[in-house]
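# Architecture at a glance
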Amino acid sequence: MNSSKRMLTILLAAAALQWMSCKPKGASNAAAGGSAEKAYVAPGKYDEFYNFVSGGFSGQMSVYGLPSGRLFRVIPVFSVDPEKGWGYSEESKPMLMTSNGFVPWDDLHHISFSQTNGEIDGRWTFGNANNTPRVARIDNTTFRTAEIIELPNSAGNHSSPFITENSEYLVAGTRFSVPIGDNTDVPISSYKENFKGTISFISIAKEGDMDIAFQLLLPGVNFDLSRAGKGPSHGWFFFSCYNSEQANTLLEVNASQRDKDFILAVNWKKAEEYLKAGKGIKQKVRYAHNKWDEKTHTAKHEIRTEVTVLDPAILKDICYFIPCPKSPHGCDTDPTGEYIVGSGKLAAVIPVFSFTKIQKAIADKKYDGEFGGIPVINEAALHGEVQKPGLGPLHTEFDGNGNAYTSFFVSSEIVKWNVKDLKVLDRVPTYYSIGHLSIPGGDTRKPWGKYVVAYNKITKDRYLPTGPELTQSAQIFDISGDKMQLILDFPTIGEPHYAGSMPASLIKGKSVKIYKIDENKHPYVAKGEKESKVVREGNKIHVYMTSIRSHFAPDNIEGIKLGDEVYFHVTNLEQDWDVPHGFAVKGALNAELLIMPGETSTLKWVPEKTGVYPFYCTDFCSALHQEMQGYIRVSPAGSNVPLTFSLGKQGADAAEKPASK
Amino acid sequence: MKKMLIVFSFLAFVYACGNQSSSNASTGSETTSPATTENGNPSYDPERGAGKFTNVEVKPELDKAMAEAGLKVYDVKCGSCHKLTDEKLVGPGWKGVTTRHKPEWIMNFVTNVDEMLDKDPKAMAQLEICLVRMPNQNLTDDDARHVYEFMRKNDGVK
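Residues numbered from 1 in each chain as written. Chains lettered and ligands numbered in written order. Predicted model: local features only at pLDDT ≥ 70, side-chain atom pairs only at ≥ 80, totals over all residues.

### What about the overall build of chain A?
When you go through chain A residue by residue, the secondary structure sums to six helices and 46 strands. Relative to the compact-globule value of 26 Å for 661 residues, chain A shows a C-alpha radius of gyration of 28 Å, a close match. Judged by the C-alpha coordinates and their principal axes, chain A covers about 90 × 80 × 45 Å. Across the 661 residues in chain A, those meeting the buried criterion constitute 51%. For chain A, contacts bridging at least 24 residues in sequence account for 60% of all contacts bridging at least 6. (Helix = DSSP H or I, 4+ residues; strand = E, 2+ residues; numbered from the N terminus. Rg over C-alpha atoms; globule rule 2.2 N^0.38 Å. Buried ≥ 20, exposed ≤ 12 C-beta atoms within 10 Å, placed from the backbone. Contact = placed C-beta atoms within 7 Å.)

Have a look at this one:
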């Protein structure tokens with residue numbers, strides 16, 4: 001063994017010498033030569049960062065490692081997920097309920113992490129549903145969606161779920177203004193009179209529970225993106241908005257008429273004061289609140305019916321508009337909390353606003369009139385502009401060393417610039433058409449300025465072709481030096497919009513390995529095979545089933561009749577990490593189950609034909625996984641086959657002694 | 001030529017990162033048959049097995065309360081695969097198990113399954129018969145002791 005190892009070493013050393021003498025050429029080799037080792041994480045080694053990436057139109061959130069780009073998990077959030085039974089098991093269906101009923105597929109755009117003192121604390125990850133407006137909370141110990149809250153008076157929940165520095169609030173601003181209130185059946189052309197925008201402030205309780213603290217009623221425009229203030233600007237929120245033209249058709253042209261749209265500055269501490277003083281108006285609404293219970297392994301869906309609305313056109317000192325050129329998209333505050341970067345997506349400059357100057361302008365009442373009853377601050381708020389940065393600036397992140405990194409969709413590049421003196425320092429191309437970008441902690445007071453990841457909309461010739469539909473991609477750049485350096489690109493699920501990264505050390509030690517069977521409070525749990533049974537309640541059959549490597553108990557069931565609804569409540573008795581079991585029964589119209597160790601999960605099955613149906617474990621569990629199976633017999637309605645169930649009894653023996661308990 | 005370059009660069013890549021992983025591999029193989037254990041004891045004791053239990057005090061008579069608690073653990077975490085007779089189900093039947101193994105071995109095995117299955121000769125021999133790795137059922141130290149007492153009861157200790 002030793003001598004062969006030595007041989008190999010010599011060979012490899014020779015290869016290394018050969019390799020070093022050939023320098024890679026051309027831009028496409030940039031990642032192959034010299035910098036690839038920066039993204040290399042050896043087999044069995046951990047990545048330095050978790051990277052939570054929005055799945056866009058997939059409705060899910062994916063988790064990668066940085067710098068390797070390895071995909072670890074897709075967390076089902078707003079869409080059903082056959083891989084994990086999300087939205088298929090009886091227990092998870094309530095999570096996707098809304099005031100409109102069950103919504104199986106939505107569009108997740110942005111990621112936020114819980115923060116303490118302006119730093120990522122690792123407790124929760126949040127995501128927004130754009131289409132049917134909702135915000136979800138993911139538990140970072142289980143990498144599962146723990147809670148989803150719907151937003152009333154909202155449409156197109158795009159400027160969400162951005163968070164304050166002590167996780168006081170998440171915000172949810174409307175992309176689409178819509179008619180709100182009792183009469184919503186109005187002509188579309190009456191946008192200017194009848195359409196309103198809202199911004200919801202969602203409070204987060206100690207244990208994570210979300211609640212709508214209040215909503216701000218705002219003029220009809222499109223709210224786009226947002227960031228909370230930090231440090232000195234804590235207590236404020238900043239939103240980009242476009243369509244100040246208030247167009248209701250052909251927005252591509254009609255919402256691009258004015259030279260300037262707005263950044264909306266919101267003094268939420270002031271809003272809190274008004275709320276406390278009872279200035280809010282309680283409104284009857286309907287919205288869903290869904291929560292997962294770790295002990296019953298079941299979600300609970302409820303409809304809430306009231307929300308409190310504050311009107312900043314009346315309560316004058318909550319909101320201020322700041323003119324910002326050309327349909328601003330990104331609206332990002334730097335780690336010091338002093339600078340707010342607006343990115344007009346049709347502009348050729350990046351305006352940077354100063355929080356101090358905004359405060360002074362407000363104190364001096366330097367307004368240029370009002371828009372929709374809200375004062376417009378004049379030019380006095382501007383810190384300065386980055387000149388000729390590129391075309392189509394979208395989003396900005398920060399490295400904690402005074403530098404900003406802005407993505408440019410049209411010119412397909414990342415541009416690094418200095419926040420204070422506004423000078424461009426470096427630029428790198430992305431492949432192609434970058435949307436969001438993300439630096440670990442790059443939206444907080446404490447960034448880890450080691451990498452910036454570009455999330456690209458178009459990949460075209462970057463990967464092997466896969467027909468008309470191509471993957472989107474992420475590209476990692478090392479930013480530890482003066483120059484940005486591409487080190488890796490990797491394909492992503494869905495369409496990544498925003499993403500966030502945090503040091504793995506913040507959460508990896510807290511990861512749940514199993515659910516303790518002793519703590520399982522599922523109403524249909526079977527704690528041990530002794531408790532496995534089949535119970536008839538009218539036409540409902542409850543199968544209390546257990547699974548362990550590698551059999552089900554019971555695995556022979558008879559006495560089911562046509563017209564019965566069968567509920568397989570499968571408890572995974574394993575108490576070891578990484579040993580899920582699956583469950584599938586032939587012909588079930590509702591897919592399969594995947595059950596974690598110690599968990600109970602339920603599959604509903606309504607057989608439509610008589611016969612004997614096999615069921616089996618779908619997750620390879622042991623050398624005898626192929627033996628993990630059973631049969632269930634379905635007889636005609638009115639048949640007198642008795643209800644029996646058994647495990648391990650052969651033929652006549654089983655028939656003689658029906659194991660009814 | 002281009003293909004060669006790719007092959008070479010791949011090999012070089014493997015080499016560059018190979019040092020660490022190969023040293024890991026060799027440490028791994030060293031620990032499988034150490035001459036002495038970490039606390040300086042002589043070589044591996046196959047009667048005791050690998051794990052935290054070095055000396056379990058067992059009274060001649062049965063501790064009924066412990067055996068009762070052990071039965072509860074058995075029902076939830078063990079009974080799916082182990083019968084109380086000598087019949088093999090997924091794992092071996094428990095009849096006589098306390099006469100075949102020392103308490104330390106049993107308690108180490110049920111709490112430290114993976115290491116035992118990887119290096120203990122008796123555990124490895126049993127795996128060759130059963131071919132299903134026993135799940136680590138996350139028994140607490142007390143659970144393990146209680147289960148052992150229940151095994152004694154099953155073996156006729158009064």
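On we go from here.
### Observations regarding the sheet that holds strand β23 (residues 349-354) of chain A
Residue and element names in this part refer to chain A. The strand order β21-β22-β23-β26 describes an open sheet built from four strands, whose pairing is antiparallel. Unpaired on one side and paired on the other, β21 (328-333) and β26 (382-387) mark the two borders of the sheet. Averaged over neighbouring strand pairs, the angle between their axes works out to 20 degrees when direction is ignored. Pairing between β21 and strand β22 (residues 339-344): four bridges, direction antiparallel. Of the residues in β22, the one forming a bridge with Asp 332 is Val 341. The strands touched by helix α5 (residues 355-363) are β22, β23 and β26; relative to β23, the strand with the most contacts, the crossing angle is about 60 degrees. (Pairing = 2+ DSSP bridges. Axes fitted to C-alpha atoms, helices over the stretch in contact; angles between N-to-C directions.)

### Notes on the nonpolar core
All names here are of chain A. In this structure, Ile 263, Ile 322 and Val 452 are the most contacted members of the largest nonpolar core, which totals 123 residues. Apart from residues lying up to four places away in sequence, Val 452 is in contact with Glu 397, Tyr 405, Ile 414, Leu 437, Ile 439, Phe 477, Ile 479 and Met 484. Membership of the second largest hydrophobic core comes to 33 residues, among which are Ala 526, Val 543, Tyr 613 and Cys 617. (Core = buried A, V, L, I, M, F, W, Y, C linked by C-beta atoms within 7 Å.)

### Brief notes about unusual backbone geometry
All names here are of chain A. A cis geometry characterises the amide bond from Ser 160 onward to Pro 161, with omega recorded as -5 degrees. Note on placement: Pro 161 falls in the loop between β10 (157-159) and β11 (169-174). Of the consecutive residues Arg 549 and Ser 550, the connecting peptide bond is found in the cis state with omega at -10 degrees. Along the chain, the position of Ser 550 falls in the loop between β37 (540-548) and β38 (551-553). The phi angle at Gln 246 is positive, at roughly 60 degrees, despite the residue not being glycine. Of note, Gln 246 is situated in the loop between β16 (236-242) and α3 (251-254). Even without being a glycine, Lys 326 presents a positive backbone phi close to 55 degrees. Here Lys 326 is to be found in the loop between β20 (319-325) and β21. The class for Lys 326 is buried, based on 22 C-beta atoms found within 10 Å.

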